[in-house]
There are 2 protein chains.
Amino acid sequence: EEVSKLLALKAQLGSDDGKHQFVLKTPKGTRDYNPKQMAVREKVFNTIVSCFKRHGAETIDTPVFELKETLTGKYGEDSKLIYDLKDQGGELLSLRYDLTVPFARYLAMNKITNIKRYHIAKVYRRDNPAMTRGRYREFYQCDFDIAGKYDAMIPDAECLRIVHEILSELDLGDFHIKVNDRRILDGMFAVCGVPDDKFRTICSTVDKLDKMCWEDVKTEMVKEKGLSEDAANQIGQYVSMQGGMDLAERLLQDSKMSQSKQACAGLSDMKQLFSYLQLFQVTDKVVFDLSLARGLDYYTGIIYEGVLTQTGATPAPPLQARAGDTLDGVESVSVGSLAGGGRYDGLVGMFDAKGRTVPCVGVSIGIERIFSIMEQKAEAEKVRTTEIQVMVVSAQKNLLEERLKLVTELWNAGIKAEVMYKKNPKLLSQLQHCEESGIPLVAILGEQELKDGVVKLRTTATREEVDVSRVDLVQKIRKMTSAV
Amino acid sequence: EEVSKLLALKAQLGSDDGKHQFVLKTPKGTRDYNPKQMAVREKVFNTIVSCFKRHGAETIDTPVFELKETLTGKYGEDSKLIYDLKDQGGELLSLRYDLTVPFARYLAMNKITNIKRYHIAKVYRRDNPAMTRGRYREFYQCDFDIAGKYDAMIPDAECLRIVHEILSELDLGDFHIKVNDRRILDGMFAVCGVPDDKFRTICSTVDKLDKMCWEDVKTEMVKEKGLSEDAANQIGQYVSMQGGMDLAERLLQDSKMSQSKQACAGLSDMKQLFSYLQLFQVTDKVVFDLSLARGLDYYTGIIYEGVLTQTGATPAPPLQARAGDTLDGVESVSVGSLAGGGRYDGLVGMFDAKGRTVPCVGVSIGIERIFSIMEQKAEAEKVRTTEIQVMVVSAQKNLLEERLKLVTELWNAGIKAEVMYKKNPKLLSQLQHCEESGIPLVAILGEQELKDGVVKLRTTATREEVDVSRVDLVQKIRKMTSAV
């Protein structure tokens, strides 16, 4: 009956000869994670979560979809990339586009004014996938945010310390963290003569400096966006500047820049930030870079981005050479930003009926790009996908019951153990399984061992075997696996 | 500029007075997890994942949505509960309804014939939510499955051992695990005179015996489903039977039951199963129960369900009393099934062009119901939501820099530590924060301590304070927190 039912169902699937014509695949821009990829993913998550916990973060979770109106008006042009659910009656829903807007909704809804939280979850964007470079339509975000009214730049500096810790511990290669401030950018635009209503669009163009050379960026500003040549040239001088606290001090004295109140506020905070970064011992990697703009609209203060100086395999081309990539229609080989974030003091207020704001600063770890790099590294290595410590095997036939008894003893003692699901598996195939899967120990049962009340314990790596009394077995395994 | 932009966006949100009229909520049937709930969730997941790993499972992940056609024809009547995505051009997609069908799709797509894997992820059903009883539209499933051709009943028995381990370790109260076999059910229907085409619908009615009394079930069979009174009475005799290996033996001798080849195959396997369960030391909780039917269509062999004998707070009413609940329109107070599963040997073949099957057996842990119970328990207790070991505080003003220096030293040593993000926080408010959050240690800095090269280390619980030399601090903290 079952079989006929299944066959009937199969036939329903649309083909008259009982075969399937439909495509066996995951949706465009998505992928399965196989056990090896999951092992890499778990390792990366552990590193990141340990860091978040070391800094005292709690964690929350929100639904994968939100009311459509919750996301409306938060992402500007990118709204077209939001996945909507079909109207099946009831509420109109959309898949979350990031974790920041749901976080702001959560704070407003629960009237929370202070929290330090992390959130690791998948988000959804109907973008053009580029999966080899870690760009998917379904991808993880790993966010850490500090919400609350505090003294300036202390939480901001801790976010940068966190980026530093995570990128150092993941050991992906040399990196640096660019910082800038939206107020400095806006002040700069103002003093360079950019009209108020062009700030955001010129800012988007500046944001492309990590992929395009200055000449192309300037052309876009002047030709496409209608900025004056003179204003563009003035911007060009500023955005080439990089430095540390010294640069902030110099710009505070700059005759033009100092005319903008906003820029001065940003620059004073930048000085303050660097003094905290010194105490946090991370100034070796942090660069104040006036070309950093970041795409998202909701930032109101400091912004930052962690980038690899070069990837392990393919060094990123020097700045001058990148223009060629773009001309060829090929994007830079650099994996780009590995972490990014900034201060967004206005977002929570958008959800509050009385507009009460909760200042926030946060960082998002670009986990898919990190997976890409780590997976490439892992390809060469042998990655274990289970944690089994001992395989219980039999040397002769008809010992299934004895194997099941022994594996039960081991499970009872909390030891990770398995048996083959065969009545009479061959000894060789059992031992081969251990070598292939990297199971460190083998507990061998035979007639003789049963008579003597012992188990032959074999170390897979060395193939050494030793008889262990049944009563001492658990202790012995614990000792040997803690040493492995 | 930023502020004006945000105000403009706010205005767009639909109200002319700048206030929001839209509802601040999560979609129907979904919820946020706050930090305390997340702490409970993490604890439950750790217990479950440890068990899965102890049994040698790998893990995989699949996208939250699948091609619509992948889910088509797999869930029978329940298909109407599937969430579809809006057609925005491109593929037609649906949110996953369970983890079993994506698992079968994954096996067929990658031509995998042997795997032992677990998968923990959210699934989506447009069902009527009953959130107080742990029934949501977005909820976690925790699945463990063994795929591959093996000797009969060995992997099946391990799945039951896993249910036993997890329900024991979670310590939710007394439980038992009902087992039955689809072949025994079908054989029973045959010998009781149920027409072939009524097997599945009568099976669905039998499945209601955990919520309805026999009289109501019989009425449904006879009045609604058109079964003969005689056939229903015969079924009634069988479905009241419960036992162990002895019952399987008795039914093998039963003059009626023994006429069905299918039933005999199921009963022999049941005997075999119980012999393995004895070796696995779990027969104390396992009951062969002929009334267990389980809703899903795809099961082909053994089926099982773990249920609480009584919940901690509200004991489930005895079987006779439950009729009243249904008559009153009130569902049983029992939280119901905490784990369930079975063998499904035909599902993978539905995805294979040549119909090649991969036999599978698995178990799904009813994690949301477990969360509900654990959260109720946790309400009374104080649950820590961070893992901070030390808070660095200052006794006087103007010591922010010294606090930041010290917390950096602790982070460098891998110690979980935090400071208040204020220049001059009050000592009392810093200490209060430690007591409220359950932070075990406080490192106090004052002018005198700095002069002496020491830190005053305070144990929050006892309020004892001791001066520790700066060079010994990390060691001392490690020692004290490992003892805490």
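Note that the coordinates shown come from a computational prediction; the quantities given were computed from them, not determined experimentally. Along each chain, residue indices are assigned from 1 in the same order as the chain's sequence is written. Written order decides the labels, with chains lettered from A and ligands numbered from 1. Only residues with pLDDT of at least 70 get local features here, since the model is predicted, and only at 80 or more are side-chain atom pairs given and counted; chain-wide, interface and lining totals rely on the full set of residues. Side-chain descriptors were evaluated using all non-hydrogen atoms of the structure, hydrogens and water having been removed beforehand.

**Things to note about the overall build of chain A**
The helix and strand labels rest on DSSP assignments: H or I over at least four residues marks a helix, E over at least two residues marks a strand, and numbering proceeds from the N terminus. Helices and strands together make up the secondary structure of chain A, namely 17 helices and 16 strands. The buried share among the 484 residues of chain A stands at 58%. Residues are treated as being in contact if the distance between any of their heavy atoms lies within 4.5 Å. Here the contacts in chain A between residues at least 6 apart in sequence split such that 69% fall between residues at least 24 apart. Working note: accessible area of chain A is about 20000 Å², and carbon and sulfur atoms make up 49% of it. Relative accessibility decides the category of a residue: with a 1.4 Å probe and only protein chains considered, values under 20% of the type maximum give buried, values over 50% give exposed, and everything between is partly exposed. Residue burial considers only the protein chains on display, and all accessible areas are found by Shrake-Rupley using a 1.4 Å probe.

**With respect to the sheet that holds strand β9 (residues 302–308) of chain B**
Residues and elements named next belong to chain B. DSSP bridges decide pairing: two strands pair if at least two such bridges lie between them. On the basis of which strands lie adjacent, the open sheet formed by nine strands has the order β1-β4-β5-β11-β10-β9-β6-β8-β7 and mixed pairing. Of all the strands in the sheet, the pair left with one neighbour each is β1 (58–59) and β7 (242–243). Both β1 and strand β4 (residues 115–124) contribute to a ladder of two bridges, which runs parallel. Opposite glutamate 58, over in β4, you have arginine 117 as the bridge partner.

**Quick word on the interface of chain A and chain B**
Chain A puts 118 residues into the contact, and the matching count from chain B is 118 residues. By definition, the buried area sums, over both parts, the 1.4 Å-probe accessible area that each loses when the two are put together. Buried surface at the junction of chain A and chain B, both sides included, amounts to about 10500 Å², of which 59% is carbon and sulfur. Salt bridge, as used here: a side-chain nitrogen of Lys or Arg that lies within 4 Å of a carboxyl oxygen of Asp or Glu. Put simply, B:Arg105 and A:Asp32 hold a salt bridge, and the shortest N to O gap is 2.7 Å. N or O atoms within 3.5 Å of each other form a polar contact, as long as, within protein, one can give a hydrogen and the other can take it, and as long as residues adjacent in sequence are counted only when both atoms are side-chain atoms. Linking chain A with chain B are 48 residue pairs in polar contact (both at pLDDT 80 or more). As a working rule, the residues Ala, Val, Leu, Ile, Met, Phe, Trp, Tyr, Cys and Pro are called nonpolar, Asp, Glu, Lys and Arg charged, and the rest polar, with Gly in that last group. Of the residues contributing to the side of chain A that touches chain B, the split by class is 48 nonpolar, 26 polar and 44 charged.

**Section: the environment of B:Thr460**
Residues and elements named next belong to chain B. Mapped onto the elements of the fold, threonine 460 is located in the loop between β15 (454–459) and β16 (465–469). As for threonine 460 and proline 440, which are separated by 20 residues in sequence, their C-alpha atoms are 5.3 Å apart. Once you skip the residues sitting within four places of it in the chain, threonine 460 turns out to touch Cys434, Glu435, Ile439, Pro440, Leu441 and Val442.

**Description of the sheet that holds strand β14 (residues 441–445) of chain B**
All names here are of chain B. Strand order in this open sheet of five strands is β13-β12-β14-β15-β16, and the pairing throughout is mixed. Of all strands in the sheet, those with a lone pairing partner are β13 (417–418) and β16, marking the two edges. In terms of strand pairing, strand β12 (residues 390–394) meets β13 through two bridges, oriented parallel. Residue pairing in the sheet places valine 390 in a bridge with alanine 417 of β13. Lines fitted to the C-alpha atoms define the axes, with helices restricted to the stretch that makes contact. Angles between their N-to-C directions range from 0 to 180 degrees. Sheet contacts for helix α14 (residues 400–412): β12, β13, β14 and β15; angle to β12, the most-contacted strand, approximately 160°.

**Describing the packing of helix α6 (residues 182–191) of chain A against helix α7 (residues 199–206) of chain A**
Residues and elements named next belong to chain A. At a closest axis distance of 11 Å, the pairing of α6 and α7 adopts a crossing angle of 110°. Taken together, α6 and α7 sit at an angle that is classed as roughly perpendicular. In terms of crossing hand, the pair formed by α6 and α7 is right-handed. Residue-level inspection shows Arg182, Leu185, Asp186, Phe189 and Ala190 of α6 in contact with α7, the latter providing Phe199, Arg200, Ile202, Cys203 and Val206. In the contact of α6 with α7, the residues fall into seven nonpolar, no polar and three charged. By the definition adopted for this analysis, an angle is roughly parallel if under 35 degrees, roughly antiparallel if over 145, roughly perpendicular if from 65 to 115, and oblique otherwise. By definition, any crossing whose near helix is turned counterclockwise from its far helix by less than a right angle is left-handed, and any crossing with a clockwise turn is right-handed.

**Thoughts on the confidence of the model for chain A**
Residues and elements named next belong to chain A. Across chain A, the average pLDDT comes to 89, with 90% of residues at or above 70. You can read pLDDT as the predictor saying how much it trusts each residue, on a scale of 0 to 100. When mean pLDDT is taken per element in chain A, strand β3 (residues 93–95) scores highest with 98 and helix α12 (residues 322–327) scores lowest with 32. In the model, residues 14–20 has pLDDT below 50 throughout and makes 11 contacts with residues more than four positions away in sequence or in other chains.

**Some details on helix α10 (residues 245–253) of chain B**
Residues and elements named next belong to chain B. Turning to α10, its buried residues are Leu247, Ala248 and Leu251. Summarising the axial view, the buried residues of α10 lie within an arc of 100°, below the 170-degree limit, and thus occupy one face. Facing away from the buried side of α10, by more than 90 degrees, are the exposed residues Arg250 and Gln253. Of the surrounding secondary structure, the elements contacted by the buried residues of α10 are α9 (229–239), β7, α11 (261–279) and β8 (286–289). What the arc measures is the spread of directions leading from the helix axis to the C-beta atoms.

**Considerations on the relation of the copies chain A and chain B**
Fitting of the copies onto one another was done by least squares over C-alpha atoms, counting residues only where both copies have pLDDT of at least 70. Once turned by 180° and shifted 0.0 Å along the axis, chain A lies on chain B with an RMSD of 0.0 Å. The transformation relating the two chain copies, once decomposed into turn and shift, fits a two-fold axis. A shared binding surface is used by both copies, with 100% of the interface residues of chain A retained as interface residues in chain B.

**A few points about the nonpolar core**
In terms of nonpolar packing, the biggest core is built from 130 residues, with A:Met188, A:Phe189, A:Ile235, A:Phe288 and A:Leu290 touching the most fellow members. Sort the elements by how many residues they give to this core and helix α5 (residues 154–170) of chain A lands first, with nine residues. Ignoring any residue separated from it by four or fewer positions in sequence, one finds A:Leu290 in contact with A:Asn180, A:Ile184, A:Leu185, A:Met188, A:Tyr238, A:Val239, A:Met241, A:Leu247, A:Leu251 and A:Met257. Put simply, buried Ala, Val, Leu, Ile, Met, Phe, Trp, Tyr and Cys residues joined by side-chain atoms within 4.5 Å make one nonpolar core. With 128 residues, the next largest nonpolar core counts B:Tyr33, B:Val40, B:Val206 and B:Tyr298 among its residues.

**Let's talk about the environment of B:Phe144**
All names here are of chain B. Take phenylalanine 144: it is sitting in strand β5 (residues 138–147). When its relative accessible area of 0% is taken as the criterion, phenylalanine 144 is described as buried. The sequence separation of phenylalanine 144 and histidine 119 amounts to 25 residues, and the corresponding C-alpha distance is 6.6 Å. If we skip the residues at most four places from it in the chain, phenylalanine 144 touches Phe52, His55, Ala57, Lys116, Arg117, Tyr118, Cys159, Ile162, Val361, Gly362 and Val363.

**Regarding the environment of A:His119**
Residue and element names in this part refer to chain A. As for its position among the elements, histidine 119 is in strand β4 (residues 115–124). In sequence terms histidine 119 and valine 49 are 70 residues apart; their C-alpha atoms lie 9.5 Å from each other. Look past the residues within four positions of histidine 119 in its chain and what remains in contact with it is Thr59, Ile60, Asp61, Thr62, Arg96, Leu99, Gln141, Cys142 and Asp143. Engagement of the side chain of histidine 119 in a polar contact is seen with the side chain of aspartate 61, the distance being 2.9 Å.

**Looking at empty space enclosed by the protein**
All names here are of chain B. Lining residues are defined by having an atom within 4 Å of a point belonging to a cavity or pocket. Those points lie on a 1 Å grid over the protein atoms alone, cavities being sets where a 1.4 Å probe fits but cannot get out and pockets being open sets with protein on both sides within 12 Å along at least five of seven lines. Grid points are joined across faces, edges and corners, and a volume is the space filled by probe spheres set on the points. What the rule picks out here adds up to four cavities of 30 Å³ or more. Taken as a whole, the largest cavity spans an internal volume of roughly 60 Å³. Around the largest cavity, the lining residues are Lys178, Val206, Asp207, Leu209, Asp210, Ser291, Leu292, Ala293 and Glu305.

**Things to note about the packing of aromatic side chains**
Stacked, tilted and edge-to-face are the three classes assigned to paired rings of Phe, Tyr and Trp, where Trp is represented by its six-membered ring and a pair needs centres within 6.5 Å; plane angles under 30 degrees give stacked, over 60 edge-to-face, the rest tilted. In the structure shown here, the tally under the stated rule is 26 aromatic pairs over all chains. For the pair A:Tyr150 and B:Tyr421, a centre-to-centre distance of 5.0 Å together with 70° between the ring planes defines the contact as edge-to-face. Of the two residues, A:Tyr150 is situated in the loop between β5 (138–147) and α5 and B:Tyr421 in the loop between β13 and α15 (427–437); the pairing between them involves two chains. Taken together, the aromatic side chains of A:Tyr33, A:Phe45, A:Tyr140 and A:Phe371 make up a single cluster linked through ring pairs. Its end group placed over the ring of B:Tyr97, B:Arg125 keeps NZ or CZ at 4.0 Å from the ring centre. As a reminder, the over-ring test applies to NZ of lysine and CZ of arginine, requiring each to be within 6 Å of the ring centre and within 35 degrees of the ring normal. The ring of B:Tyr83 carries B:Arg126 above its face, with NZ or CZ at 6.0 Å from the centroid.

**Examining helix α4 (residues 100–109) of chain A**
Most of α4(A) sits out of view: nine of its 10 residues are buried. Of the residues making up α4(A), those classed as buried are A:Thr100, A:Val101, A:Pro102, A:Phe103, A:Ala104, A:Arg105, A:Tyr106, A:Leu107 and A:Ala108. At its buried positions, α4(A) is contacted by β2 (65–67), α3 (68–71), β4, β5 and β11 (360–365) of chain A together with α2 (35–54) of chain B. Just past α4(A), the residue A:Lys111 takes up positive phi, approximately 50°.

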